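Listed below are the residues making up each chain.
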Amino acid sequence: MDRLVIIGGNSLKGRIRVSGAKNAALPCIAAALLTSELVNLSHLPAVSDIRTMLKVLEALGCAVERAADEDGLQYTAAMRAVDLETGEMKAPYDLVKTMRASILVLGPLLARFGHATVSLPGGCAIGARPINLHLEALARMGAHIEIVQGYVEAKVPGGRLQAIDHTFEKVSVGATENTLLAATLANGTSVLRNVAMEPEIGDLAELLNKMGARVEGMGTATLTIHGVEILHGAAHATIPDRIEAGTHLCAAAIAGGDVVLERVRPDDLRALLDLLERMGCLITERDGADGKQLRIQREPSQKLRARDITTAPFPAFPTDLQAQVMAVMTQAHGISVIKETIFENRFQHAMELERLGANLRIDGSTAIVAGPAKLTGCTVMATDLRASATLVLAGLVAEGETTVDRIYHLDRGYAGLEKKLQGVGARIERVGGGSV
Ligand code: UD1
């Protein structure tokens, strides 16, 4: 099992190119099931979650061709979902258990074929992650849904889903995506209210419209989808990953230095940019050759200030950057308070940060971080995707050597994190085997 070994103390200087967004690519891959024509998706990050999603499509009978970019950190997938009817239309447990987002194939399969069997995603380390909101919306569209031996078995009696006017009782990214995917081919006009407004949903809607769907209201809390009979092929470039970009911004904030991120969308990152500026970093935006760039500067001698955040659905502070900013807060002067409102068990990184010397207290869904704390390297264990990134960030300022174990979590969502950090002067290395 691989681990990362980091020697702390270097400030960072240079440029980092941000990969395509994993969480935007996953529903876009599921969208390929809505048509028998070719869907070509570029800027897919070379991470294991994307590989898993493509395998789910292949297990369903979809043809997938992959072509890697020059740097090996991104690739393009050409997907063609023809002749699926001859297969058993089943997303198997072995694949689904490793990644919840595979549930996103349910909406498209039901919409196009009128039946599907998808394994229930297993529990997840960051809290209970039910799919009731997905299933409720699909049931209201006319699907008969049963849970049989760990599988969601769904059928549409008349063959075609019916449009709905539906208000989600809670804002959910996944449930919004699954229902949106299903509504594109439903009979009539659907109005989905209280939807998630995350940029990844806008990206999905953009691809769907390129495929011939009629989705309106992107970026707002209400989506209107005029159902169509058939969708066709399309080519689409995935948006840059705001969480990866945010993680690099946190790296520069904690280690100090001068880093330019290439291919970013600053508007997707406002809540973090605002926080880092209030903590004392200088951030500037400019136009680059293929999109916007963000430059972050902090003299290592310049103090970081303690500040508070509350995670909430977009455009508020993202739960997927909560762990990373906790590492930065350990180095800020004063008391910072984090309130996590999305997932109930998303502070596991706190204990590992404490082992490195962080001074913090968890009280239910609130974390109180006192800084600055002197961090000292040791062996720490990654517990989930974003928690792994946090430990790497802490390692950048910890004295001596920090070893982050179980980085298969990190590899689910970051393409070449250590290579990108090496490129800006961090002392970080991937070491294979030998760990627990
Ligand atoms: C997505 C992101 C994940 C991010 C999360 C919140 C992907 C692949 N994953 O996850 O990285 O952390 O959004 O921004 O894009 N809920 C229910 N019932 C449901 C669905 C969700 O109660 O049927 C609850 C969850 O327990 C949670 C909240 O709603 O408390 C938000 O979850 P949701 O937005 O659905 O997260 P995901 O789509 O799983």
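Our subject is the structure listed above.
Think of each chain on its own: its residues are numbered from 1, step by step along the sequence as written. Per-residue local features are limited, in this predicted model, to residues with pLDDT of at least 70; the limit for side-chain atom pairs, both in listing and counting, is 80 or more; totals at the level of whole chains, interfaces and linings are taken over all residues. Computation of side-chain values: all heavy atoms of the structure, hydrogens and water removed.

Novice: Help me out: how do you make sense of the pattern of salt bridges in this one?
Specialist: Two side chains carrying opposite charge are able to pair once their charged atoms lie near each other. Any carboxyl oxygen of Asp or Glu that lies within 4 Å of a side-chain nitrogen of Lys or Arg is treated as forming a salt bridge with it. Evaluation of the coordinates by the stated rule reveals 22 salt bridges. Salt-bridge contacts for D258 lead to R295; the nearest nitrogen and oxygen are separated by 2.7 Å. A residue pair is termed long-range when its members are at least 10 positions apart, and D258 in strand β15 (residues 257-264) and R295 in strand β17 (residues 291-298) qualify at 37 residues. The residue D411 makes a salt bridge to R430 at a minimum N-O spacing of 2.8 Å. Of this pair, D411 sits in helix α13 (residues 408-411) while R430 sits in strand β25 (residues 427-431), and the two are 19 residues apart along the sequence. Ionic contacts of the salt-bridge type, sharing partners, join the residues D2, D411, E418 and R430 into one network. Counting from the N terminus, the helices are the DSSP runs of H or I reaching at least four residues and the strands are the DSSP runs of E reaching at least two.

Novice: What am I meant to see in unusual backbone geometry here?
Specialist: In most cases, non-glycine residues show a negative phi, while peptide bonds are predominantly trans. At the junction of F314 and P315, the peptide bond is cis and its omega measures out at 10 degrees in the coordinates. Structurally, P315 can be placed in the loop between β19 (309-310) and α10 (322-329). The omega torsion of the bond from G371 to P372 falls at 0 degrees, within 30 degrees of zero and hence cis. Structurally, P372 is set in the loop between β22 (366-371) and β23 (379-381). One non-glycine residue, H43, adopts positive backbone phi at about 60 degrees.

Novice: Explanation requested: the pairing of strand β5 (residues 74-80) in the structure shown.
Specialist: Looking along a regular strand, one sees side chains alternate from face to face of the sheet. Of all the 7 residues making up β5, 6 are buried; the element is thus mostly covered by neighbouring parts of the structure. Only strands that DSSP links by at least two bridges are regarded as paired with each other. Both strand β3 (residues 38-45) and β5 contribute to a ladder of 6 bridges, which runs antiparallel. Residue pairing for β5: L38 is matched across the bridge by R80. Summarising the sheet, strand β4 (residues 63-68) and β5 pair through 6 bridges and their orientation is antiparallel. Paired with A68 across the bridge in β5 is Y75. Linkage of β4 to β5, two consecutive antiparallel strands, is achieved through a turn of 5 residues, within which G72 is found at a positive phi near 75 degrees. Partly exposed describes any residue whose relative accessible area lies between the buried limit of under 20% and the exposed limit of over 50%, with all areas from a 1.4 Å probe on protein chains only and scaled to the type maximum.

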